[in-house]
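# Structural overview
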Amino acid sequence: MSERPVVAIVAFPGSNDDRDAAWALGAVGAEPVLVWHEDDELPDETGAVVLPGGFSYGDYLRCGAIASLAPAMDAVGRFAAAGGPVLGICNGFQILCEARLLPGVLRPNRELEFVCRDATVRVESADTLFMRRCEEGQELVIPVKHGEGAWYADDGQFVQLAARGQIVLRYTEDVNGSLGNVAAVVNEAGNVMGLMPHPEHAVDPLLGSADGGLLLAALVDAAAEHRLAVA
Amino acid sequence: MLVRPKQGILDPQGEAVQGSLRKLGFDVSRVRVGRVLDVELAANGAEEAREQVERMCADLLANPLIESFEILLEEE
């Protein structure tokens, strides 16, 4: 068994940030392993899962809807149910919502424009394993690039999520019409998070920001702990 | 099946189409864009077909948070 915690990255047809995620996770201490969407098991040593960005299945029907039914997602569902940490980035966030592992849904940006730029997000809740290297109120600069990133939930659900600390990141300005400027949400158990910004594109100051590395490094910590817990 | 954005859900695509129709001189007060799915299936009668299609909509074809659906059945 490798000393670096294994993070499984599930690639679907149309994923395009799987290798960037692998590179970035490697840079913060993980042993990244790519898993194909048709695989119905994750590698035995998996300590965490990343669902990467892209346009799985060409965004047919609704973003993430087809991918949410892939064989690998059954394995991800079992891993999450056992407490394993799962991070969905961009299309991965859309997939987790469609798989009903996360609340809400991602809709077309209000202005119908593809946004591709650095976004500033504020940490609303640091009380999750994904944000343990950040502080509440801290502002992070992480790029976004999406056409369908307007998160939506009904009013009752939104109030409940906010009260429970499940709204993890908010944009500091209106980026895409997302309800409450929400950029990231976590499930009730706290081990599944989705976000529209791309932490894997922000791990080196040379490229503008290393703030994404804080999230990915926290995931790697959590992966190591999960392996110990199930060993 | 006709799948539509639910009442009260913002439909930016519909708004963009409405703007274009107005530009063409049509006095359109609202446009909503949904989608049509034609599904052929074998079933013992309309009741069973409807039951199957309802499950398809609930499980995959419509997201109940934001979309409503209507089923139109045709016998062959």
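Placed above this text is the structure.
Notes on the structure in this doc start here. (Residues numbered from 1 in each chain as written. Chains lettered and ligands numbered in written order. Predicted model: local features only at pLDDT ≥ 70, side-chain atom pairs only at ≥ 80, totals over all residues.)

### Some words on helix H2 (residues 45-61) of chain B
All names here are of chain B.
- Along H2, the residues classified as buried are Val53, Cys57 and Leu61. For H2, the angular spread of the buried residues around the axis is 50 degrees, confining them to a single face. Along H2, the residues that are exposed and aim more than 90 degrees away from the buried face are Gly45, Glu47, Glu48, Glu51, Arg55, Ala58 and Asp59.
- Tucked inside the fold, the buried residues of H2 contact strand S1 (2-5) and strand S3 (67-70). (Buried ≥ 20, exposed ≤ 12 C-beta atoms within 10 Å, placed from the backbone. Helix = DSSP H or I, 4+ residues; strand = E, 2+ residues; numbered from the N terminus. Arc of directions from axis to C-beta. Contact = placed C-beta atoms within 7 Å.)

### Here's the deal with the interface of chain B and chain A
- The interface of chain B with chain A comprises 8 residues on the first partner and 9 residues on the second.
- The element best represented in the side of chain B that touches chain A is helix H1 (residues 12-23) of chain B, accounting for 3 residues.
- Split by residue class, the side of chain B that touches chain A holds 6 nonpolar, 2 polar and no charged. (Nonpolar A, V, L, I, M, F, W, Y, C, P; charged D, E, K, R; others polar.)

### Notes on the sheet that holds strand S2 (residues 35-36) of chain B
Residues and elements named next belong to chain B.
- A sheet is described by the order of its strands in space; here 3 strands give the open sequence S2-S1-S3, paired in antiparallel fashion. Sheet topology places S2 and S3 at the edges, where each strand pairs with a single neighbour.
- Where S1 meets S3, 4 bridges bridge the pair, whose relative direction is antiparallel. Paired with proline 5 across the two strands is glutamate 67, which belongs to S3. (Pairing = 2+ DSSP bridges.)

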